[in-house]
Amino acid sequence: MLWEVDIYPASGQPDLAAEALAAEAHDLGLESLQLKAGRGYLIEGKLDRSQIQTIAEQLLADRVVETTVVAEVGAAELHAPPQNNMQAVHVLPKPGVMDPVAESALSAIADFDIEVEAVRTLK
């Protein structure tokens with residue numbers, strides 16, 4: 001089964017990644033963009049809902065300053081943007097590009113005695 005864990009800044013927390021993107025867009029002459037940013041993981045394995053929730057809440061996200069959306073890939077809640085007037089866009093590393101964060105997550109998940117087949121990051 002393929003799960004997706006999306007992680008966003010919690011309500012009231014600064015969105016530093018979006019601020020950096022907005023600065024880059026401004027440098028390109030795109031000044032009217034309204035951005036929200038998040039990060040996430042694609043996790044493949046024979047996991048049930050409680051296992052993926054444990055991974056998301058205890059390993060991947062900081063529940064004090066972040067909020068998570070966890071579901072099987074393709075679920076409607078994963079395509080809902082952080083705000084109603086925005087479009088969600090998922091960006092993955094190019095094929096063949098190293099993903100050291102995913103490799104670290106894979107190793108850390110094993111420390112929870114949970115077996116997964118693969119991990120990939122996304123933004």
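Before any of the text, the structure's been laid out above.
To start, this report covers the structure provided alongside it. (Residues numbered from 1 in each chain as written. Predicted model: local features only at pLDDT ≥ 70, side-chain atom pairs only at ≥ 80, totals over all residues. Heavy atoms only, no water.)

### Comments concerning helix α2 (residues 49–60)
For an α-helix, the turn length of 3.6 residues means that residues three or four places apart are oriented alike.
Here comes step 1: In this model α2 runs 15 Å from its N-terminal to its C-terminal C-alpha over 12 residues, within 8% of the 16 Å that 1.5 Å per residue would give.
Here comes step 2: All of the buried residues along α2 are Ile 52, Ile 55, Ala 56 and Leu 60. Down the axis of α2, the sector holding all buried residues measures 90 degrees, keeping them to one side.
Here comes step 3: On its buried face, α2 is in contact with β1 (2–9), β2 (39–44), β3 (66–72) and α4 (100–111). (Helix = DSSP H or I, 4+ residues; strand = E, 2+ residues; numbered from the N terminus. Expected span 1.5 Å × (residues − 1). Buried < 20%, exposed > 50% of the residue type's maximum accessible area, 1.4 Å probe, protein only. Arc of directions from axis to C-beta. Contact = heavy atoms within 4.5 Å.)

### Thoughts on the environment of Arg 49
Here comes step 1: Looking at the secondary structure, you find Arg 49 in helix α2.
Here comes step 2: Overall, the relative accessible area of 41% leaves Arg 49 in the partly exposed class.
Here comes step 3: Spatially, the C-alpha atoms of Arg 49 and Val 70 are 8.7 Å apart, while their sequence positions differ by 21 residues.
Here comes step 4: For Arg 49, the contacting residues outside a window of four places in its chain are Trp 3, Val 70 and Ala 71.

Function-wise, these values are silent; they only describe arrangement.
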